[in-house]
Amino acid sequence: MRLSFRIAWRFIKSSRGQSFLIIAGITIGVAVQIFIGLLIQGLQANLVQETIGNSSQITLRSTRKDDLIISPDEVVKNIRESPYADEIESVLAVSDTPGIIRLDERDYSAFLRGFDLKEGNKIYDFDNTLIRGDLPDKQGEVIIGNEMAKELSLEPGDTIKLVIPPVVILPKTVTVSGIFQFGLGQANRTWMISDLKTVQNLRNKPNTASSIEMQIEEPFQADVLATKLMEHLKNDALNALDWKEENADLLSALNGQSISSIMIQVFVIISVALAIASVLAISVVQKSRQLGILKAMGIRNSKAGQIFIFEGLMLGVIGAIMGTLVGVGLIWMFTTFAVNPDGTAVVPVYINYGFIVLSMGIAIASSVIAAMIPGIRSAKLSPIEVIRNG
Amino acid sequence: MDKHILKLENVNKIYGTVVKTHALKDLSLTIGESSFNAIIGQSGSGKSTLLNIIGALDNPTSGKVYINDKDISEMKTNQLADVRNQTLGFIFQFHYLLPEFTTMENVLMPYWMNNINPPKEIIDKANYLLDKMGLSEVKEKLTTQISGGQQQRTAIARSLINNPRLILADEPTGNLDSENTKTVYDLLRDINKEFGTTFILVTHDQRVAEMADRIIELKDGIIKMDVRNDVQ
């Protein structure tokens, strides 16, 4: 075993040009694989984040006629104490209602949402999305979207007259405490956010909520978790909706992207493996004289075959390491130089170590498999042919 | 009868399936322990075929080959490899060294096949053999960087590292000038005396053949002449 390893290493060192070609081939293959893989993963993560990052991934709604969840705090508590609590990042009782902002000349329709702002920060990330003013900290304060603020020329401190259904009730006055900007245009135009109590009071429906919203650790497991939660809660007055149901088109697009990414990677691997196999096959012919000598001196066929397997292994390992460096380097360049005007990367890329290790493993494994063909040829080579033919 | 190391019984070798070449015809031969033998004959007389069969590199079509009283014609490939490694030593006309390795490493190669970490006595032995062959100066050089005579002497040192009982040499001096031929021949004869190693030399160099204890001449696959030589 170690003799085969030693001979393989000498063979690699002595035929530098050939070794360089194989290593370059593996390097390029692994680099392309890692670059494309990480880029597509980054794109997908980015897309998913933009689509569902600032929204509920599992939503519980009431099945009652009046669409109200009674004692939402109980339900939230029940979820937090369930065996699935670890899988849930945040859970939020939300009371929302359409409303009309009454202006002197016209009315402007809005959507009022109230929830625990501290818990809601986990979903809506107010630390970054609140661009002016402060979060509501008193009854009767709201924050509004930047587009609504622009449209209605509102600034923090201004008051709004708001009509909440049933419209027979007189308009109520709320104060703008801050302005937010989410990724979602609809929200920026129409949403008004306040704490749960304020909205419950404005609606005159204390101790109720319209929905319970959750963000979870594994968004792609939303449907599974939703089913498990419903079984746990055993509450007929609730039903669950997950984001995957509502975004089937996006999911099929992501799926298509993943498949095309896998296709690219499979073909890269195949071409790398073929390149290795063909160069090593030539190498067996070139080294047949040496193999004949070794066999005449009594090396066993299995060891003679192992020489090429080790060559494949070593070339694979070197190529995989270099390919990873180049691939990660390309990703680094991409995220550093392909940037938006504000300096953030066009596609934020996450270095997925598991994927890199997997890519290296696949490259090394395919190098070894590719080396088996020349390995078998080398094992079968008869010393007499070499001795006789010189 | 002397103690023998090699015995061939009715060995036939036929090449080809359509056009058959009968390279060895019912050949029987016994080689005594510690003897120094030369096989001569013209091209195509079957002498290289004979050497390859003795060397467990090629199988006879029929007949038995015994080395140290063991029938090698019945052996599996791995057993044959071990016989080549342990009992036999090869010296070829075209040196057949590994160009990727140094002179020292080439000499150690047959030992490495059993143990990649040779003990000190094996290193000492390799040094002794290299010294005896006059190769101490070049032992760390790659074999591509040394002269033809040095390469052939490296091959001889290599053939000795595992203490083989029988050394097979195919035209060992065929590629060398007369001065180097004499040196190599003297070395082989020296080893024969020092270690009691049996030698079978294939040669068509009449001067080399005449220095052997026994001369066997092949013609068309049969032994035409087999004489004891008392020149020594």
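Please refer to the structure placed before this passage.
Numbers given to residues run from 1 along each chain, matching the order in which its sequence is written. To label them, take the chains in the order written and letter them from A, then take the ligands in the order written and number them from 1. Reporting of local features is limited, given that this is a predicted model, to residues whose pLDDT is at least 70; pairs of side-chain atoms are given and counted only at 80 or more, and all residues count toward the totals for whole chains, interfaces and linings. Neither water nor hydrogens contribute to the side-chain values; these are computed over all heavy atoms in the structure.

**Student:** So what's going on with the overall build of chain A? Which residues, and what values?
**Tutor:** Every helix listed is a DSSP run of H or I at least four residues long, and every strand listed is a run of E at least two residues long, numbered separately from the N terminus. Scanning chain A from N- to C-terminus turns up 15 helices and 12 strands. When we talk radius of gyration, it's over C-alpha atoms, and the globule rule is simply 2.2 Å times the number of residues to the 0.38. Here the C-alpha atoms of chain A give a radius of gyration of 32 Å, more than 25% beyond the 21 Å that 2.2 N^0.38 yields for 390 residues. Along the three orthogonal principal directions, the C-alpha set of chain A runs to about 110 × 50 × 30 Å. The burial tally for chain A puts 48% of its 390 residues in the buried class. For this analysis, residues touch if any pair of their heavy atoms sits within 4.5 Å. Summarising the internal contacts of chain A: among those between residues at least 6 apart in sequence, 78% fall at separations of at least 24. We get accessible surface area from the Shrake-Rupley algorithm with a probe of 1.4 Å; when it comes to residues, only the shown protein chains can shield them. When the accessible surface of chain A is summed, it comes to about 19100 Å², and 59% of that surface belongs to carbon and sulfur atoms. Note on classification: 1.4 Å probe, protein chains only; a residue is buried when its accessible area is under 20% of the maximum for its type, exposed when over 50%, partly exposed between these limits.

**Student:** Any chance you could break down the overall build of chain B for me, citing the residues and the numbers?
**Tutor:** Per the secondary structure count, chain B includes 7 helices and 10 strands. The C-alpha atoms of chain B give a radius of gyration of 17 Å, which matches the 17 Å a tight globule of 232 residues would have. Taken along its principal axes, the extent of the C-alpha atoms in chain B is 50 × 40 × 40 Å. Taken over 232 residues, chain B has a buried fraction of 56%. Of the contacts made within chain B by residues no fewer than 6 positions apart, 69% connect residues no fewer than 24 positions apart. Counting only carbon and sulfur atoms, one obtains 47% of the accessible surface of chain B, whose full area is about 10200 Å². When charges are counted, Lys and Arg contribute as positive and Asp and Glu as negative, whereas His and the chain ends are disregarded. By convention, the charge on Lys lies at NZ, on Arg at CZ, on Asp at CG and on Glu at CD. In chain B, 26 positive and 30 negative side-chain charges are present, and the distance between their average locations comes to 3 Å.

**Student:** Can you break down the sheet that holds strand β7 (residues 166–170) of chain B residue by residue, with the values?
**Tutor:** Residue and element names in this part refer to chain B. At least two bridges found by DSSP between two strands is the condition for calling them paired. A sheet is described by the order of its strands in space; here 6 strands give the open sequence β6-β7-β8-β3-β9-β10, paired in mixed fashion. Two strands close off the open sheet at either side, each with one partner strand: β6 (88–91) and β10 (222–228). Strand-to-strand, the axes of this sheet are offset by a mean angle of 15 degrees, without reference to chain direction. With 4 bridges joining them, strand β3 (residues 36–40) and strand β9 (residues 214–219) adopt parallel strand pairing. Within β9, the position partnered with A38 by the bridge is I215. In this analysis, axes come from line fits to C-alpha atoms, helices being fitted only over the stretch in contact, and the angle between any two N-to-C directions falls in the range 0 to 180 degrees.

**Student:** Before we move on, could you go through a nonpolar patch on the surface and cite the residues and values that matter?
**Tutor:** A contiguous nonpolar patch, built from I259(A), I262(A), M263(A), V266(A), F267(A), I270(A) and L274(A) and spanning about 680 Å² of accessible area, is present on the exposed surface. Along the chain, I270(A) falls in helix α11 (residues 248–286). A patch consists of residues whose relative accessible area exceeds 30% and which take part in no salt bridge; residues with like charges are grouped when within 9 Å of each other, and nonpolar side chains (Val, Leu, Ile, Met, Phe, Trp, Tyr) when within 5 Å. Salt bridges are counted wherever a side-chain nitrogen of Lys or Arg sits within 4 Å of a carboxyl oxygen of Asp or Glu.

**Student:** Break down the pattern of salt bridges for me, citing the residues and quoting the values.
**Tutor:** Under the criterion given, the structure shown has 26 salt bridges over all chains. Put simply, E141(A) and K138(A) hold a salt bridge, and the shortest N to O gap is 3.7 Å. Since its relative accessible area comes to 11%, E141(A) is described here as buried. Residue E33(B) is joined to K3(B) by a salt bridge in which the shortest nitrogen-to-oxygen separation is 3.8 Å. Taken together, the positions of E33(B) in the loop between β2 (21–32) and β3 and K3(B) in the segment before β1 (4–15) put the pair 30 residues apart, joining distant regions of the chain. Of the residues examined, K3(B) reaches a relative accessible area of 60% and is grouped as exposed. Within this structure, R80(A), E119(A) and K122(A) form a network of salt bridges that share partners.

**Student:** Describe the nonpolar core, naming the residues involved and giving the relevant values.
**Tutor:** By convention a nonpolar core is built from buried Ala, Val, Leu, Ile, Met, Phe, Trp, Tyr and Cys residues, the set being connected through side-chain atoms within 4.5 Å. By size, the foremost hydrophobic cluster in this structure holds 116 residues, and its most contacted members are I7(A), L294(A), L6(B), L8(B), L50(B), M109(B) and I200(B). Per-element accounting of this core gives the leading share, 10 residues, to helix α2 (residues 16–52) of chain A. In this structure, L294(A) is in contact with I7(A), I299(A), I307(A), L98(B), M109(B) and M113(B), ignoring residues within four places of it in sequence. Residues I212(A), W243(A), L250(A) and L251(A) belong to the second largest nonpolar core, which totals 27 residues.

**Student:** Mind laying out the environment of D223(A), listing which residues take part and the relevant values?
**Tutor:** All names here are of chain A. Within the secondary structure layout, D223 lies in helix α9 (residues 222–233). We classify D223 as partly exposed; its relative accessible area is 30%. Residues D223 and L152, 71 residues apart in the sequence, show an inter-C-alpha distance of 40 Å. Look past the residues within four positions of D223 in its chain and what remains in contact with it is D242 and K244.

**Student:** Could you give me a rundown of the interface of chain B and chain A, with the residues and numbers involved?
**Tutor:** With 28 residues of chain B at the contact, the number on the chain A side is 26 residues. When two parts are brought into contact, each loses some accessible area as probed by a 1.4 Å sphere; the total of that loss over both is the buried area. Surface buried jointly by chain B and chain A totals about 2600 Å² across both partners, of which 60% is contributed by carbon and sulfur atoms. Sorting the residues of chain B by area buried against chain A places Y96(B), E100(B) and M113(B) first, and these three jointly supply 29% of that buried surface. Seen at the junction of chain B and chain A, the total is 3 salt bridges. R10(A) is the salt-bridge partner of E105(B), the closest N and O atoms lying 2.6 Å from each other. Mapped by element, the contributors of at least two residues to the side of chain B that touches chain A are α2 (77–86) and α3 (103–112) of chain B. Think of it as three bins: nonpolar holds Ala, Val, Leu, Ile, Met, Phe, Trp, Tyr, Cys and Pro, charged holds Asp, Glu, Lys and Arg, and polar takes everything else, Gly as well. Looking at the side of chain B that touches chain A residue by residue, the class counts come to 16 nonpolar, 6 polar and 6 charged.

**Student:** How would you explain the pairing of strand β9 (residues 191–194) of chain A if you had to name every residue and give the values?
**Tutor:** Residues and elements named next belong to chain A. On β9, burial covers both faces: W191 and I193 on one face and M192 and S194 on the other are all buried. Examined bridge by bridge, strand β6 (residues 141–145) and β9 share 2 bridges and lie antiparallel to one another. Across the sheet, I144 pairs through a bridge with M192, a residue of β9.

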